[in-house]
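A look at the structure
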Amino acid sequence: MNNFQYTQPATPKASIDALVKEPTAQFIAGGTNLIDLMKHGIAAPKTLVDINNLTLRTIEQQGNTLRIGALALNSEVADSKLVLEKQPLLAQALNAGASAQIRNMATVGGNMLQRTRCYYFYDTAMPCNKRQPGSGCGALEGYNRIHAIWGTETALTGRTSSCIAVHPSDMCVALAALDATVLVSGPKGDRRIPFTDFHRLPGDTPQIDTNLDRGELIVAVDIPNNAFAKHVHYLKVRDRNSYAFALVSVAAALDLNGSTIQEARLAMGGVAHKPWRLTEAEKALQGKPATTATFEQAATIAMQGAKAYEHNAFKVKMAPKAIIEALKTAAGLG
Ligand SMILES: Cc1cc2nc3c(=O)[nH]c(=O)nc-3n(C[C@H](O)[C@H](O)[C@H](O)COP(=O)(O)OP(=O)(O)OC[C@H]3O[C@@H](n4cnc5c(N)ncnc54)[C@H](O)[C@@H]3O)c2cc1C
Ligand code: SF4
């Protein structure tokens, strides 16, 4: 690990100023991802700006929105009465992630900015365009079992992107499904980013994970009220039943009137460089009876455009089954 300067500012503005002053500086919250990256020699900030003194930990209802501070711990959010009452899908997704100890350190903002778990990203002896742009991608011709099945083609040319990694978060899959908005504060002021635009596809610049600008601090996440609280399910399929990242995961939310689906929300994790919202499948569910046949049709629609690599074809078979299972459980048919 390299030597670094450490500072713990008292305000968001002072934190942003400290970050902008040093080009390699990084914010640190729970440190559960950043410290690992520093130990592996993947991140080498000359300054760490510790944001844990900022008052960004509140979870509160503000009008029609549930606002969660960026420094709220993953465990606090999952256990919050407000979250359990209003947005239980988020609590389920958080509890599916990591371990109790890590959830007690990890923050909402840090969870959003955790980096991929691609083996080649962590192995500095291997090429990796995300770690070292232009060096190549170890996974494309290598062992790509945990990699993406969507969003791996560049928009302009349709050829394969220079990275096929997936975003590893569980929490973010629920936030994408729930139409959350990210509140950020930066050198140019404050702005709001729709959650589905927060993370980006890799294209030819996979070293950039999100649409955050340099110096921007995540302040909070807003989730609008919805009618999904009664019928939600987060399904995570993984190699071990705990302490493992998703091979595929599904966040499913239904607003049911009797057995008719008024509205649906569906997003997947472990399948793309960003949480993958399944909007066409959501549209196909609207107005239909909540039956296994309806869910099978939606899963077929959801899978359009999926593309497997040498070792992850199983994900293309597993994903529709997971979608059907998550929807059935959300609807109470499971
Ligand atoms: C063994 C292990 C298993 C895990 N399993 C899972 C799992 O199954 N599912 C899952 O979802 N996650 C899992 N995780 C990842 C874990 O959820 C993340 O490490 C954690 O959420 C990161 O939060 P943090 O506060 O510790 O972030 P940090 O490590 O402090 O920071 C991460 C990044 O976010 C930036 N950052 C932090 N806060 C802000 C902010 N407010 N504004 C701007 N930038 C910010 C930092 O600069 C850094 O780049 C696992 C981690 C470990 C170590
Ligand atoms: S998939 Fe992405 S993170 Fe993994 S080796 Fe290729 S470029 Fe690196």
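Use the structure listed above.
Being a predicted model, the structure only gives us computed values, none of them experimental.

For the chain, the helix and strand inventory stands at 13 helices and 12 strands. Over its C-alpha atoms the chain spans a radius of gyration of 20 Å, differing by no more than 12% from the 20 Å that the globule rule assigns to 334 residues. By its C-alpha atoms, the chain is 60 × 50 × 35 Å across when sized along the principal axes. Going through the 334 residues of the chain one by one, you find that 54% of them count as buried. Contacts in the chain between residues far apart in sequence, at least 24 positions, make up 64% of those at least 6 positions apart.

Turning next to the layout of surface pockets. Estimated volume of the second largest pocket: approximately 240 Å³. Lining the second largest pocket are 15 residues, with R117, Y119, I146, F245 and A246 positioned closest to its centre. Tallied by class, the residues present in the lining of the second largest pocket amount to 10 nonpolar, two polar and three charged.

As enumerated under the stated definition, the model contains two cavities of 30 Å³ or more in all. Approximately 80 Å³ is the volume found for the largest cavity. Residue lining of the largest cavity: 15 residues in total, with C118, C128, C137, C163 and A165 positioned closest to the centre. Class assignment of the residues belonging to the lining of the largest cavity gives a composition of nine nonpolar, five polar and one charged. In this structure, the second largest cavity spans a volume of roughly 50 Å³.

Ordered in space as 9-10-11-12, the four strands form an open sheet in which the pairing is antiparallel. Both outer strands of the open sheet, strand 9 (232-237) and strand 12 (276-277), are each paired with one neighbouring strand and no more. In this sheet, strand 12 lies alongside strand 11 (residues 260-269) in antiparallel orientation, the contact comprising two bridges. Pairing of M268 across the sheet is with W276, part of strand 12. Each of strand 9 and strand 10 (248-257) touches helix 5 (residues 88-95); the most contacted strand, strand 9, lies at about 20 degrees to it. Packed onto the sheet, helix 13 (residues 313-331) meets strand 9, strand 10 and strand 11 and runs at close to 35 degrees relative to strand 10.

With that settled, the discussion passes to the site of ligand 1. F27, G31, T32, T107 and D170 are the nearest of the 33 residues found near ligand 1. N33 has a polar backbone atom sitting 2.9 Å from an oxygen atom of ligand 1. Between L34 and ligand 1, the recorded distance is 2.8 Å, taken from a backbone N or O atom to an oxygen atom. Relative to its unbound accessible surface of 980 Å², ligand 1 loses 93% to contact with the protein.

This part covers the nonpolar core. The nonpolar side chains of a soluble globular protein tend to be buried with one another. With 40 residues, the main nonpolar core has I68, V77, L89, L90 and M112 as its most contacted residues. Top contributing element to this core by residue count: helix 9 (residues 171-177), with seven residues. One finds V271, A281, F295 and I323 within the second-largest nonpolar core, a separate group that totals 32 residues.

The next thing to look at is the packing of aromatic side chains. For the coordinates displayed, the defined rule picks out five aromatic pairs. Between the aromatic rings of Y119 and Y120, the centroid separation amounts to 6.0 Å while the plane-to-plane angle is 75 degrees, which identifies the pairing as edge-to-face. According to the relative accessible area criterion, Y120 is buried, its value standing at 13%. Geometrically, the ring pair formed by F195 and F198 is stacked, given 6.3 Å between the ring centres and 20 degrees between the ring planes.

What follows covers the sheet that holds strand 1 (residues 5-7). In space, the three strands of this open sheet follow the order 1-3-2, with parallel pairing throughout. Looking at the sheet topology across the chains shown, the edges are occupied by strand 1 and strand 2 (26-28). When the angles between neighbouring strand axes are averaged without regard to direction, this sheet yields 30 degrees. Where strand 2 meets strand 3 (residues 47-50), three bridges bridge the pair, whose relative direction is parallel. Bridge pairing in strand 3 links F27 to V49. Helix 1 (residues 12-21) rests against strand 1, strand 2 and strand 3 of the sheet, and its axis sits at about 140 degrees to strand 2.

Procedures and definitions
Numbering of residues starts from 1 in each chain and follows the order in which that chain's sequence is written. Each chain is given a letter, starting from A, and each ligand a number, starting from 1, according to the order in which they appear as written. In keeping with the model being predicted, local features are shown solely for residues with a pLDDT of at least 70 and side-chain atom pairs are shown and tallied solely at 80 or more, while totals for entire chains, interfaces and linings include all residues. Only hydrogens and water are set aside; all other atoms, that is, all heavy atoms of the structure, feed into the side-chain values. Going along the chain from the N terminus, every DSSP run of H or I of four or more residues is numbered as a helix, and every run of E of two or more is numbered as a strand. The globule rule is 2.2 Å times the number of residues to the power 0.38, and the radius of gyration it is compared with is taken over C-alpha atoms. To sort residues, take the accessible area from a 1.4 Å probe on protein chains only and compare it with the maximum for the residue type: under 20% means buried, over 50% means exposed, and anything in between is partly exposed. We call two residues in contact when some of their heavy atoms are within 4.5 Å. Points on a 1 Å grid over protein atoms alone make up a cavity when a 1.4 Å probe fits among them but cannot get out, and a pocket when they form an open set with protein on both sides within 12 Å along at least five of seven lines; lining residues each have an atom within 4 Å of a point. Grid points are joined across faces, edges and corners, and a volume is the space filled by probe spheres set on the points. Residue polarity follows a fixed list, in which Ala, Val, Leu, Ile, Met, Phe, Trp, Tyr, Cys and Pro are nonpolar, Asp, Glu, Lys and Arg are charged, and the others, Gly among them, are polar. Pairing between two strands requires that DSSP report at least two bridges joining them. Fitted lines through C-alpha atoms serve as axes, helices being fitted only where they are in contact, and the angles separating the N-to-C directions of these axes extend from 0 to 180 degrees. Nearness here has a simple test: a residue counts as near a molecule or strand if at least one of its heavy atoms is within 4 Å of that partner. For the purposes of these results, a polar contact is taken to be a pair of N or O atoms within 3.5 Å, where, inside protein, one atom must be able to donate a hydrogen and its partner to accept one; residues adjacent in sequence count only when each atom of the pair is a side-chain atom. Note that accessible areas follow from Shrake-Rupley with a 1.4 Å probe, and for residues the cover is restricted to the protein chains shown. Nonpolar cores are built from buried Ala, Val, Leu, Ile, Met, Phe, Trp, Tyr and Cys residues. Side-chain atoms within 4.5 Å join them into one set. Each pair of aromatic rings taken from Phe, Tyr and Trp, with Trp reduced to its six-membered ring, is defined by centres within 6.5 Å and is described as stacked if the planes are under 30 degrees apart, edge-to-face if over 60, and tilted in the remaining cases.

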